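Structure assessment
Next come the chains, spelled out residue by residue.
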Amino acid sequence: SGFMVQISGFNSTNIIDIRYEDWSIRYPYFFGAIKIEKFLYTSSGFMLVIIASFNLYGLLNLILYRKRKQLAILIYNGIEIKEIKKIFIISILLIGFLASLIGIALSYIIAELDLLRFFTPILKDIKISTSFTIFSLIFNLIILYLGSVISIRNNIKNIEVLKNNAIENS
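This report concerns the structure included in the present document. (Residues numbered from 1 in each chain as written. Predicted model: local features only at pLDDT ≥ 70, side-chain atom pairs only at ≥ 80, totals over all residues. Heavy atoms only, no water.)

Enumeration according to the criterion identifies two aromatic pairs in this entry. Centroid distance Phe 30 to Phe 31: 5.3 Å. Interplanar angle 80 degrees. Geometry classified as edge-to-face. (Phe/Tyr/Trp six-rings, centres within 6.5 Å; stacked < 30°, edge-to-face > 60°.)

Here is a general trend for soluble globular proteins: nonpolar side chains tend to be buried in one another's company. Ranked by size, the top nonpolar core spans 14 residues in total, and within it Leu 60, Leu 64, Leu 71, Phe 88, Ile 92, Ile 152 and Ile 159 carry the most contacts. With near-sequence residues (within four places) excluded, Ile 152 lies in contact with Leu 64, Lys 85, Phe 88 and Ile 89. (Core = buried A, V, L, I, M, F, W, Y, C linked by side-chain atoms within 4.5 Å. Buried < 20%, exposed > 50% of the residue type's maximum accessible area, 1.4 Å probe, protein only. Contact = heavy atoms within 4.5 Å.)

Turning our eyes to something else, we now look at the packing of helix α2 (residues 28-66) against helix α3 (residues 68-76). Running from N to C, α2 and α3 cross one another at 60 degrees; their axes reach a closest spacing of 4 Å. The orientation of α2 with respect to α3, classified from their angle, is oblique. When α2 is examined against α3, the residues Leu 64, Tyr 65 and Arg 66 are found in contact with a partner set consisting of Arg 68, Gln 70 and Leu 71. Classifying every residue of the contact of α2 with α3 gives three nonpolar, one polar and two charged. (Axes fitted to C-alpha atoms, helices over the stretch in contact; angles between N-to-C directions. Helix = DSSP H or I, 4+ residues; strand = E, 2+ residues; numbered from the N terminus. Parallel < 35°, antiparallel > 145°, perpendicular 65-115°, else oblique. Nonpolar A, V, L, I, M, F, W, Y, C, P; charged D, E, K, R; others polar.)

With that settled, consider the side chain of Ser 148. As for its placement among the helices and strands, Ser 148 is situated in helix α5 (residues 130-169). What makes Ser 148 buried here is its relative accessible area of 0%. Discounting residues that sit within four places of it in the chain, Ser 148 has contacts with Leu 60, Phe 88, Ile 89 and Ile 92.

This is the structure we're talking about:
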């Protein structure tokens, strides 16, 4: 918020009748609307992140579910669970890193070519913050890592059961 200063009289030796007024008090509806807008944008972005995280977790569970027989065979053949976790996490992080880089590159290309003006003519000259780009990349990798670790931890029990069943049937 800013301050507005009104000076009724000014003398070189002193200042007379100075009144300070906060703009948020003078224009409460405007600043209230800005606060609501910030809240709506922040909550919408947060909800998108939550939804994407659930989708990612579900996708990781689906991948592990489809690969459980192959993973059980690897465990049966003597590969340690730690190695399987390591291979899976590194693969997921590599794919996520490359996908994030492609998404960032596409965002910069769309901003440079000013392609959004066809859809939203009000927007002009979009600037993408480098610090936000780095934060987004790191945040994506952290979410990917956490999702894959949790997914592996939850599904590894099923894989061990398949291994035990395979040993009993041999």
